[in-house]
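# Summary of structural features
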Amino acid sequence: MKTLAEIKIGESFKVADIEFIKTGEENGQVVAVAKNSLFDMRFGSNNNYAESDVKKKLETEILPRIEKAVGAENIIEHEMDLTALDGSDEYGKVKCKISLPTLDWFRKNNELARKIFTSAWSWLVTPWSTKKYGWEYSVLCVSPLGRISGNYSSYDYDGVRPFIIFVSSISVISESCEG
């Protein structure tokens, strides 16, 4: 067992039998994303993450497991910017304790993200554009080669990789893996 503060960026750890990769740390908080897709599912009936089926499933099925393992107080609520690829900010921002990564996260962590996103197509929270511009169904996703693409929100074969921010003082099971 190690604390998250002792784990290096790019190393993996387990919480509630989910393997995460540490992708950043700041002010006693650790940013992490699941190493693998937990399941495949459709994004939702449109491309607004705040209304998505993915968000509902993460919050009702995955978050309670993680909270039970580390305590709800050790998971940090964060604000997800739902600005589309084309800059449309029609969907605004949404507060979450668990979500999917954004395109901006992928850009910031590009080298590490390309090592993580190798096993399946995975959804991002970022829409291609928004309903206002006639693109209410296309959502960005990452291919196993690390390429960004768009898929229709109703497709049920893209993977779900939770994005979460933990308090860095919690103890976790450390894995000897580098993403």
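As shown above, the structure is provided for reference.
Residues numbered from 1 in each chain as written. Predicted model: local features only at pLDDT ≥ 70, side-chain atom pairs only at ≥ 80, totals over all residues. Heavy atoms only, no water.

What follows concerns the overall build of the protein. Per the secondary structure count, the protein includes 3 helices and 14 strands. Against the 2.2 N^0.38 benchmark of 16 Å for 179 residues, the protein shows a C-alpha radius of gyration of 15 Å, consistent with a compact globule. The principal-axis extent of the C-alpha atoms belonging to the protein is close to 50 × 30 × 25 Å. Burial analysis of the protein (179 residues in total) assigns 51% to the buried set. Here the analysis covers contacts within the protein between residues at least 6 apart in sequence; of these, 63% occur between residues at least 24 apart. (Helix = DSSP H or I, 4+ residues; strand = E, 2+ residues; numbered from the N terminus. Rg over C-alpha atoms; globule rule 2.2 N^0.38 Å. Buried < 20%, exposed > 50% of the residue type's maximum accessible area, 1.4 Å probe, protein only. Contact = heavy atoms within 4.5 Å.)

Note on strand geometry: in a regular strand, side chains alternate between the two faces of the sheet. Pairing analysis gives 5 bridges linking strand 10 (residues 138–142) to strand 11 (residues 148–152), with the strands arranged antiparallel. Along strand 11, the bridge assignment pairs V139 with N151. Between strand 10 and strand 11, which pair antiparallel in sequence order, lie 5 residues; one of them, G146, sits at a positive phi of approximately 80°. (Pairing = 2+ DSSP bridges.)

Here the focus is the sheet that holds strand 13 (residues 163–167). With antiparallel pairing, the 7 strands of this open sheet are ordered in space as 1-14-2-3-4-13-8. Sheet topology places strand 1 (2–3) and strand 8 (98–99) at the edges, where each strand pairs with a single neighbour. Both strand 2 (residues 12–15) and strand 14 (residues 171–174) contribute to a ladder of 2 bridges, which runs antiparallel. Among the inter-strand pairings, K14 is bridged to a residue of strand 14, identified as I173.

Over its 18 residues, helix 1 (residues 53–70) runs 25 Å from end to end, which matches the ideal 26 Å to within 8%, given 1.5 Å per residue. Maximal helix bending in helix 1 amounts to about 40°, located at L63; proline P64 follows within four positions. Turning to helix 1, its buried residues are V54, K55, L58, I62, L63, I66 and V70. Once helix 1 ends, the next one or two residues include G71, with phi positive near 95°. (Expected span 1.5 Å × (residues − 1). Bend = angle between axes of the 7 residues up to and from the residue.)

Across all of its chains, the model carries 10 aromatic pairs by this definition. Relative to Y49, the ring of F43 lies with its centre 6.2 Å away and its plane at 55°, an arrangement referred to as tilted. Under the relative-accessibility criterion, Y49 is labelled buried at 0%. An aromatic cluster is present here, built from W105, F106, F117 and F163 joined pairwise through their rings. Note that K57 overlies the ring of F39, its terminal NZ or CZ placed 4.3 Å from the centroid. Above the face of the F117 ring, R161 is positioned so that its terminal group lies 4.6 Å from the ring centre. (Phe/Tyr/Trp six-rings, centres within 6.5 Å; stacked < 30°, edge-to-face > 60°. Lys NZ or Arg CZ within 6 Å of the ring centre and 35° of its normal.)

The next thing to look at is the pairing of strand 13. Along strand 13, 5 of the 5 residues are buried, which leaves the element largely enclosed by surrounding structure. In strand 13, alternate side chains face the same way, and those of F163, I165 and V167 on one face and I164 and F166 on the other are all buried. Pairing of strand 4 (residues 29–34) with strand 13, which is carried by 5 bridges, proceeds in the antiparallel orientation. The residue bridging V31 from the neighbouring strand is I165, located in strand 13. Examined bridge by bridge, strand 8 and strand 13 share 2 bridges and lie antiparallel to one another. Bridge assignment links I98 to a residue of strand 13, and that residue is I164.

Take the nonpolar core next. Within the largest apolar cluster, 52 residues are counted, with the highest numbers of intra-cluster contacts made by F13, F20, Y49, V54, I66, L100 and F166. Counting residues per element, this core draws most heavily on helix 1, which supplies 6 residues. With residues up to four places along the chain from it excluded, the contact list for F20 reads E11, S12, F13, V15, A32, V33, A34, K35, I66, P162, I164 and F166. (Core = buried A, V, L, I, M, F, W, Y, C linked by side-chain atoms within 4.5 Å.)

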